[in-house]
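Structure assessment
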Amino acid sequence: MNSKRFSPTSSTIKSRFTRRFLRALLKINRQRTRTPSSPMEICQRYLKVKLAADVSMASAVGSRRAWSRAMLAKIRHGVRTGSMCSLTMMRKRKIYHRKKSTKEVGIVGNAKVLRKLVPGGEAMDTCSLLDETFHYIKCLSTQVKVMTRIADQICST
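These remarks concern the structure in this document. (Residues numbered from 1 in each chain as written. Predicted model: local features only at pLDDT ≥ 70, side-chain atom pairs only at ≥ 80, totals over all residues. Heavy atoms only, no water.)

**Some details on the packing of helix 5 (residues 106-117) against helix 6 (residues 126-156)**
- Where helix 5 meets helix 6, the axes come as close as 10 Å, and the angle between the chain directions of the two elements is 50°. If you check the angle between helix 5 and helix 6, you find them oblique. When you trace helix 5 past helix 6, the crossing you get is left-handed. Every residue of helix 6 that contacts helix 5 at Ala111, Leu114, Arg115 and Leu117 is listed here: Thr126, Leu129, Leu130, Thr133 and Tyr136.
- Residues belonging to the contact of helix 5 with helix 6 are distributed by class as follows: six nonpolar, two polar and one charged. (Axes fitted to C-alpha atoms, helices over the stretch in contact; angles between N-to-C directions. Helix = DSSP H or I, 4+ residues; strand = E, 2+ residues; numbered from the N terminus. Parallel < 35°, antiparallel > 145°, perpendicular 65-115°, else oblique. Left-handed = near helix turned anticlockwise from the far one by under 90°. Contact = heavy atoms within 4.5 Å. Nonpolar A, V, L, I, M, F, W, Y, C, P; charged D, E, K, R; others polar.)

Here you go:
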């Protein structure tokens, strides 16, 4: 495969994500209060940044991918409130501390896990799921790289 053929697409997604994410961060920063933040305000701010990153990436990819369509639909219909902070944190802990005795083995078990992790994965056949997972991981990697560079730029100034 020719690597030059795929680089414009990924760099285009990267630039679109970066522009959208920086705009969203500026908007979040303008809403910030000047008083010291309570733990609840910090959690709400965290959720706003996470939502901005998700929306920016899904919008940058557009409707070409099932995972981006599913993520945007979920965000459009979902309601994020302050009470979601503790609930979200508890869910994360629960996911990482599951018992390993209930683990399924083989392709079926792995596909079940992927269906839960990839937005919109529940409705995909295995082949489509693997393709969407590959693209989703590439986009998450891009997201991490961009966010790391933003953080490095902010810390160096």
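**Description of the side chain of Ser56**
- Within the fold, Ser56 resides in helix 2 (residues 39-61).
- The class of Ser56 is buried, set by a relative accessible area of 3%.
- Reaching out from Ser56, the side chain makes a polar contact with the backbone nitrogen of Phe21 at a distance of 3.3 Å.
- Once residues lying within four places of it in the same chain are set aside, the contact partners of Ser56 are Phe17, Arg20 and Phe21. (Buried < 20%, exposed > 50% of the residue type's maximum accessible area, 1.4 Å probe, protein only. Polar contact = N/O pair within 3.5 Å; in protein donor to acceptor, adjacent residues only side chain to side chain.)

**As for the nonpolar core**
- Phe17, Phe21, Met57, Val61 and Trp67 are the most contacted members of the largest nonpolar core, which totals 22 residues.
- Broken down by secondary-structure element, the contributors of at least two residues to this core are helix 1 (3-31), helix 2, helix 3 (66-77) and helix 6.
- Looking at which element gives the most residues to this core, the answer is helix 2, with six residues.
- Excluding its chain neighbours within four sequence positions, the residues that come into contact with Val61 are Ile13, Trp67, Ser68, His135 and Cys139. (Core = buried A, V, L, I, M, F, W, Y, C linked by side-chain atoms within 4.5 Å.)

**Observations regarding the packing of helix 2 against helix 6**
- Look at helix 2 against helix 6: their axes get within 11 Å of each other, and the N-to-C directions meet at 125°. With respect to helix 6, the axis of helix 2 lies oblique. Relative to helix 6, the crossing made by helix 2 is right-handed. Within the contact between the two elements, helix 2 uses Ala53, Asp54, Met57 and Val61 and helix 6 uses His135, Cys139, Thr142, Gln143 and Met147.
- Per-class residue counts for the contact of helix 2 with helix 6 are five nonpolar, three polar and one charged.

**Some points on the environment of Lys74**
- Structurally, Lys74 can be placed in helix 3.
- Given a relative accessible area of 66%, Lys74 falls into the exposed group.
- In this structure, the C-alpha to C-alpha distance between Lys74 and Pro119, residues 45 residues apart in sequence, is 8.7 Å.

**Side note on the environment of Arg19**
- With respect to the element layout, Arg19 can be found in helix 1.
- Using a relative accessible area of 45% as the deciding quantity, one classes Arg19 as partly exposed.

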